[in-house]
Each structure stands twice: as structure tokens, then as C-alpha cells.
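Residue-level structural notes
As a plain string of letters, each chain reads:
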Amino acid sequence: MTPARGDAGAPGVPRWVIAIAVVGGLFVLLPLVALVVRVDWARFIPLITSPSSVDALLLSLRTSVCATVLCVLLGVPMATVLARVPFAGQRVMRALVLLPLVLPPVVGGLALLYLFGRRGLLGGAFDVAFSTTAVILAQTFVALPFLVLSLEGALRTAETRYEAVAATLGARPSSVLLRVTLPLVLPALLSGAILSFARALGEFGATLTFAGSLQGVTRTLPLEIYLQRETDPDAAVALSLVLIAVAVVVVAVAHGAGVPSRRRRRVTL
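These figures come from a predicted structure and were not determined experimentally.

**Points about the overall build of the protein**
Counting its secondary structure elements, the protein contains twelve helices and zero strands. Going from the N terminus to the C terminus, the protein shows its helices and strands as α-α-α-α-α-α-α-α-α-α-α-α. Expressed as a percentage of the 269 residues in the protein, the buried residues total 37%. On the protein, roughly 15,600 Å² of surface is accessible, and the fraction owed to carbon and sulfur atoms is 70%. Across the protein, the 22 positively charged side chains and the 12 negatively charged ones have centroids separated by 14 Å.

The structure is reproduced here in C-alpha cells:
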């Protein structure tokens, strides 16, 4: 049965759904257009190449890369355990791992401060507050769930027959994980890592609360934008456009990485 012309703008999609989707798209797009219109293009290059802006951008890139590496090192084992190892309280653990997704960043920053701060739970033995290390930890805290969520979903839906064959042939669990399991879910791993990088790059609240705002040390690009908003709105708009451009590129790359290749991946044992 074919849908009536008046009921659908595309096969199986009613026109009212398309209309609402357009409204939603405009809701996301128009604020960005308003920001682009507001840019002082005559001063754009000087605004984004000032010493404080360059320091903030370079610091953001360095710390975001470090945070992404930590997300991969911690997130791959976490996602593997959540997807493949049944244990009591698994649902509770999954909820706790994903908590930073919905937790206000300022609350996350306070939690990190009361753990790693001078008077924190660790007794000051790991006092890293208000340092570059604190920036990396704050970014890792808020970005880790993106990698775990992407990878766990892929692991749950991935075929396990190759892993079973590898185990039957005598491969050890570590070899199975590194040479069979992870190559099968590599697109999800790459996508999760790229999204984690993007989230780390845009982190603000937890960083400000836990690391403060010291130029060249803890003042990342979002913090620089916030400070410039009070003293030089044109600089804040220009830097915001830079951050948006980086985010668009990162999301586009993540989307491409998350699309699995049609070719069958070669698995070596």
C-alpha cells in the first residue's frame, strides 16, 4: 500500500514531521547565523591572534588531546566490562559511569576539587587543583562517558563468533581483545574518541571550578571567551566562531569515522 500524497512528503514520513524537523533545524542554525553576522571581520585576525587568545587555544588543544588519550585508556576497559562481563549492580554502575552526561559541570568540578584538592578526600597527597593537570582531569571527567557510551553500544551489537573462533584456536583473552574485538568495533572507538575530544575542547564549568583561570596554565578557550565577553565582546564573538569551526570539523570527522566500512574487516589471529 502506498501512502497518500497529502499524508507524506517522503515515503513513510508525514509532512508535519518534516515541518517540525525544519523548525528544529532552524532553532539550532539561526543562533549560529546570528553569531556569524555579529563578527567584526575587519578585526577578525587580530582578535584571534592576540597573545591571550593563542595561549588559550594552544592550551585547549594540548589538554583536550591528553584528556582524549585518558578517555581511551580508561574507557575501553570500562565499556568492555559493561558490555561483556555480567555482574551484580551492572545497571547501577552504568548509570554512574554516564552520570557526567547529565551532571552540571560545576558540580563535577566541585567533586574533583574535594577529591584532588589540598583539603580533599585524598588528604592533599594528589593536590593538582588549579594546575594544567586539573584541566585535563576535568575534561576527562566530562568527556569519558561519550567514549564509553559509543563503544559499549558497538560491543553489544557486534558479532562474537570471531572472538569464539580465536579463543578456540588458543588465543589468550588479551590477544582476542586487541586483535579481534577492538578491530571489529574500531569505527565506534574512533567516533567515541573524536566526540570525547570535542567535549573536552568545549568544557567550561568543571574546568573553572576545579582549575581556575590562569593564562597559559588553566585558561582554556571557553574560559577566554567568557572573560572576553565582559571586556571585548568582539573578541569573544571571534573566538566563539573559531571554537564552532573546530567543533563542526570534529563532529563531521566523528560522523565519518562512525560509519562502518562495507568491506569486511580482516581479522588476524
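Alright, that's what it looks like, and here's the rest.
**Some points on the environment of Leu 26**
Among the structural elements, Leu 26 can be located in helix α1 (residues 15-38). Leu 26 sits 179 residues away from Gly 205 along the chain, and the two C-alpha atoms are 27 Å apart.

**Focus on the confidence of the model for the protein**
Here the protein averages 86 in pLDDT, while 91% of its residues score no lower than 70. Within the model, pLDDT remains below 50 along residues 261-269, and this stretch shows 13 contacts once partners closer than five positions in the same chain are excluded.

**Side note on helix α6 (residues 132-157)**
The first and last C-alpha atoms of α6 sit 38 Å apart over 26 residues, in line with the 38 Å expected at 1.5 Å per residue. If you look at α6, its biggest bend is around 40 degrees, right at Ala 143, and the proline Pro 145 turns up within four residues after that.

**So, a nonpolar patch on the surface**
Together, Val 81, Val 85, Phe 87, Val 92, Met 93, Leu 96, Leu 99, Leu 101, Val 102 and Leu 149 line one region of the surface with nonpolar side chains, adding up to about 840 Å² of accessible area. Examining the composition of the nonpolar patch, we find that three residues originate from one element, helix α4 (residues 90-97), more than from any other. Mapped onto the fold, Val 85 is located in the loop between α3 (51-84) and α4.

**Some details on the nonpolar core**
Soluble globular proteins tend to bury their nonpolar side chains together. Val 76, Leu 147, Val 148, Leu 151, Leu 155 and Val 185 are the most contacted members of the largest nonpolar core, which totals 23 residues. Of all the elements in the fold, those that place two or more residues in this core are α3, α6 and α9 (186-201). Among the elements that line this core, the one with the most residues is α6, at eight residues. Setting aside its immediate chain neighbours within four residues, Val 76 contacts Cys 71, Leu 147, Leu 151, Leu 182 and Leu 189. Judged by nonpolar contacts, the second largest core, of twelve residues, contains Leu 112, Leu 113, Val 142 and Phe 210.

**Topic: the environment of Gly 192**
Here Gly 192 is to be found in helix α9. Between the C-alpha atoms of Gly 192 and Leu 144, which are 48 residues apart in sequence, the distance is 9.0 Å. Excluding residues that lie within four positions of it along the chain, Gly 192 makes contacts with Phe 146, Leu 147 and Ser 150.

Cut-offs applied
- Residues numbered from 1 in each chain as written.
- Predicted model: local features only at pLDDT ≥ 70, side-chain atom pairs only at ≥ 80, totals over all residues.
- Heavy atoms only, no water.
- Helix = DSSP H or I, 4+ residues; strand = E, 2+ residues; numbered from the N terminus.
- Buried < 20%, exposed > 50% of the residue type's maximum accessible area, 1.4 Å probe, protein only.
- Areas by Shrake-Rupley, 256 points an atom, 1.4 Å probe, with all protein chains shown as cover.
- Lys, Arg positive; Asp, Glu negative; His and termini not counted.
- Charge placed at Lys NZ, Arg CZ, Asp CG, Glu CD.
- pLDDT = per-residue confidence, 0-100.
- Contact = heavy atoms within 4.5 Å.
- Expected span 1.5 Å × (residues − 1).
- Bend = angle between axes of the 7 residues up to and from the residue.
- Patch = residues over 30% accessible without salt bridge, like charges linked within 9 Å, V, L, I, M, F, W, Y side chains within 5 Å.
- Salt bridge = Lys/Arg side-chain N within 4 Å of Asp/Glu carboxyl O.
- Core = buried A, V, L, I, M, F, W, Y, C linked by side-chain atoms within 4.5 Å.

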